[in-house]
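Observations on the three-dimensional arrangement
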Number of protein chains: 2
Amino acid sequence: MADDVVSTERSRGGMSEQRRRRVRLEISREAARLFWAQGVDGTSGDQIAEAVGLSTRTIWRHFRSKESCAEPIVAQSVEWELATLRSWPLHRSLEEHFATEAKRLVSEISPSEQADAGLGVKMIRLAETEPALRTAWLMACDQVEHELAAVIATRLGLKPDDLQIRLHAAAAAAALRVINEYVGAGLLDGTDPRKLGDESFAFIADAVRTATGGAVGDPVQVDEAPAAPDEGAADRQE
Amino acid sequence: MADDVVSTERSRGGMSEQRRRRVRLEISREAARLFWAQGVDGTSGDQIAEAVGLSTRTIWRHFRSKESCAEPIVAQSVEWELATLRSWPLHRSLEEHFATEAKRLVSEISPSEQADAGLGVKMIRLAETEPALRTAWLMACDQVEHELAAVIATRLGLKPDDLQIRLHAAAAAAALRVINEYVGAGLLDGTDPRKLGDESFAFIADAVRTATGGAVGDPVQVDEAPAAPDEGAADRQE
DNA sequence: CAATATCTGTCACTTAGTGACACTGTCACT
DNA sequence: AGTGACAGTGTCACTAAGTGACAGATATTG
């Protein structure tokens, strides 16, 4: 997940997708910095353009609106949760999986990703008072909710659009949102990061377990094909 | 809750509050109608102004943005849930309370309120595809979440900003949101209203109960002062 | 190098939203 | 009745967000 990988993933024309994401992220970084420093209303599209070294017109080609400039940074700040959820094997408990994934993450994270994460936390904080940004944050949470619906559906052996699944996913995602906001606020208010991160996995898992009435969080029995006792389903990459 | 009450509730100057809410609701009605008929992007501020018979400038005096014109109608569509939650006595179960309140509501609702409710459902539906409107809907859900936090806090004897309470409130509010979306979509797709409303109270209550790990939904023992066995705390009016 | 397709800048333009000021009706006090 | 204060609205000029259209730059392929 380092940010200097360059794939030869383009078949024709421009380096679409790969490059586009980079540009969007670059813009998002500057926008987030300015939003945090001056507020959203106090920041103009021209300022963002100047900060990132592009013309204003190009900004609007990459983002539909000023506030949406914050989306990539916010989305990236929940990306690791998303990835972790996606790679959650049936036979493990949520706290186990979170703990090992977090350990793996700490060793792999790059300085620039760390800076991005900081900006993301700031945007989430800002979203509490700036309605314009709240949309970006809630969109990211929506993303989590959908991913969660898929994960829960496979765990319980039901369809993702089943009403019961949607209820569980919504409740669990809401719990995760509250925890994210709580942890983020704590970090910004100067709480020691280690104090927050240390034993929180059990807390997170319990929150999810509670929100889903105990249906989600524990290992799941695999009845049909007990012939795959290793890692398992980490095959998708957004 | 009839819409023709006129109170002498102003001490000086204009009839602030009372009148302002009426005007905002009027604007919201027309805006919602236009949004539904032509889409949000296809509706201009000038059109809204003309439809409601005011100048465009006055529209912007009542609403910060075009999309926020939908807020009052959306908010009103969850207002009864809010009121029901507020008046939920400690000693009753959620399904009991919802059932009796719903019965009371059916007899008191006015035709224009029914029309407003229809518009509200349409806006919620529209919010699924129009990001601009999603904000309004999520704001209303936020409102529910806060109210719920207060209600749950008193039920469990804790502070509303307690993390556990916030988790419960968020999860329960998310469940209510999903149910609202589900029921709304059903209504618009032509499902018989009675089929949906008939036995849904137990379902709603169970959803809340599940989302809060069973902590919210059942009657609560009143230890301290058992000297008030009647309705109770329905004193606030927004 | 030529051909082609994508990306970007510039400029004119529409639309959302604000500021400033004038006008009108209502209330309060005389 | 007269007058002043004030809230609500309309009008007009203005800023800022966002789009369309076209031209120039850049990169990829043959």
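Just so we're clear, the structure is a prediction, and the values are computed from it rather than from any experiment.

With respect to the packing of helix 4 (residues 71-86) of chain B against helix 6 (residues 111-127) of chain B
Residue and element names in this part refer to chain B. Look at helix 4 against helix 6: their axes get within 8 Å of each other, and the N-to-C directions meet at 110 degrees. Accordingly, the angle class assigned to the pair helix 4 and helix 6 is roughly perpendicular. Touching Ile73, Val74, Gln76 and Ser77 of helix 4 are Asp116, Leu119, Gly120, Met123 and Ile124, all from helix 6. Its residues assigned to classes, the contact of helix 4 with helix 6 shows five nonpolar, three polar and one charged.

With respect to the pattern of salt bridges
What the rule picks out here adds up to 34 salt bridges over all chains. With its nearest N and O atoms 3.3 Å apart, the salt bridge here joins Arg86(A) to Glu147(A). Here Glu147(A) lies in helix 7 (residues 131-156) and Arg86(A) lies in helix 4 (residues 71-86), a separation of 61 residues in the sequence. What makes Glu147(A) buried here is its relative accessible area of 14%. Between Glu145(A) and Arg177(B) there is a salt bridge, and its shortest N-O distance comes to 2.7 Å. Taken together, the positions of Glu145(A) in helix 7 and Arg177(B) in helix 8 (residues 163-188) put the pair across two chains. One exposure class covers both Glu145(A) and Arg177(B), and it is buried.

A word on the nonpolar core
Of all hydrophobic cores here, the largest spans 118 residues; its most connected members are Phe35(A), Met123(A), Leu148(A), Phe35(B), Met123(B) and Leu148(B). Residues in contact with Met123(A), not counting those within four places in the same chain, are Ala32(A), Phe35(A), Trp36(A), Ala70(A), Ile73(A), Val74(A) and Leu133(A).

Brief notes about the interface of chain B and chain A
Counting residues at the interface gives 27 residues for chain B and 27 residues for chain A. Around 2,100 Å² of area is buried between chain B and chain A when both sides are counted, 69% of it from carbon and sulfur atoms. Among the residues chain B hides against chain A, the three largest losses belong to Leu163(B), Leu167(B) and Val178(B). Together they make up 23% of the total. Linking chain B to chain A there are four salt bridges. The tally of links between chain B and chain A comes to five residue pairs in polar contact (both at pLDDT 80 or more). Those elements that place two or more of their residues in the side of chain B that touches chain A are helix 7 (131-156), helix 8 and helix 10 (200-211) of chain B. When its residues are assigned to classes, the side of chain B that touches chain A shows 15 nonpolar, six polar and six charged.

The rules behind the values
Residues numbered from 1 in each chain as written. Chains lettered and ligands numbered in written order. Predicted model: local features only at pLDDT ≥ 70, side-chain atom pairs only at ≥ 80, totals over all residues. Heavy atoms only, no water. Axes fitted to C-alpha atoms, helices over the stretch in contact; angles between N-to-C directions. Helix = DSSP H or I, 4+ residues; strand = E, 2+ residues; numbered from the N terminus. Parallel < 35°, antiparallel > 145°, perpendicular 65-115°, else oblique. Contact = heavy atoms within 4.5 Å. Nonpolar A, V, L, I, M, F, W, Y, C, P; charged D, E, K, R; others polar. Salt bridge = Lys/Arg side-chain N within 4 Å of Asp/Glu carboxyl O. Buried < 20%, exposed > 50% of the residue type's maximum accessible area, 1.4 Å probe, protein only. Core = buried A, V, L, I, M, F, W, Y, C linked by side-chain atoms within 4.5 Å. Buried area = accessible area lost by both parts, 1.4 Å probe. Polar contact = N/O pair within 3.5 Å; in protein donor to acceptor, adjacent residues only side chain to side chain.

Shape descriptors only; they carry no functional weight alone.
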